[in-house]
Amino acid sequence: MNTPDRHHVPSLAQLGSQLAALRVSRNLTQAELAEQAGVSKRTVERLEAGATATQLSTFLRVCGVLGLEGRLAQLVPEPVDSPVAQLRQQRRTRQRASGASKDAPAPKAKPGTGWSWEA
């Protein structure tokens, strides 16, 4: 389905215009960039227009021709361990926010107060 996601359309258009500016700064025409990337000129036009009907592999090929491979790692940051995994690495156990554990006895209600099964 090629329905554009309205939340991402401005960022795709911005990305496309940045690709176009890089292409022009390297004195490449759309046709030259397309040939070097192994894609059609229409694909380059769609990328630069911010169209959503392009594949990630195509985008990566165009970025490779423009010399952006080293900067692509900034798009997706390195994953970090979850807080529980970090505690395991430190050989510590997590603590409950409430302070009570499931092994601790439940507080007892005072006789005559609270809910009971008996009527």
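Below is a short write-up of the structure.

Under the defined criterion, the tally for this structure stands at three salt bridges. Between K41 and E45 there is a salt bridge, and its shortest N-O distance comes to 2.6 Å. Within this pair, K41 and its partner E45 are both found in helix α3 (residues 41-49), separated by four residues, close to a single helical turn. Since its relative accessible area comes to 40%, K41 is described here as partly exposed. The exposure class of E45 is partly exposed, given its relative accessible area of 23%. Salt bridges linked by common partners bring K41, R42 and E45 together as one network.

Turning next to α3. Buried residues of α3: T43, V44, L47 and E48, and no others. Seen end-on, α3 carries its buried residues on one side only, within an arc spanning 135°. Looking one or two places after α3, you find G50, whose phi comes out positive at around 80°.

Reading guide: rules and limits
- Residues numbered from 1 in each chain as written.
- Predicted model: local features only at pLDDT ≥ 70, side-chain atom pairs only at ≥ 80, totals over all residues.
- Heavy atoms only, no water.
- Salt bridge = Lys/Arg side-chain N within 4 Å of Asp/Glu carboxyl O.
- Helix = DSSP H or I, 4+ residues; strand = E, 2+ residues; numbered from the N terminus.
- Buried < 20%, exposed > 50% of the residue type's maximum accessible area, 1.4 Å probe, protein only.
- Arc of directions from axis to C-beta.

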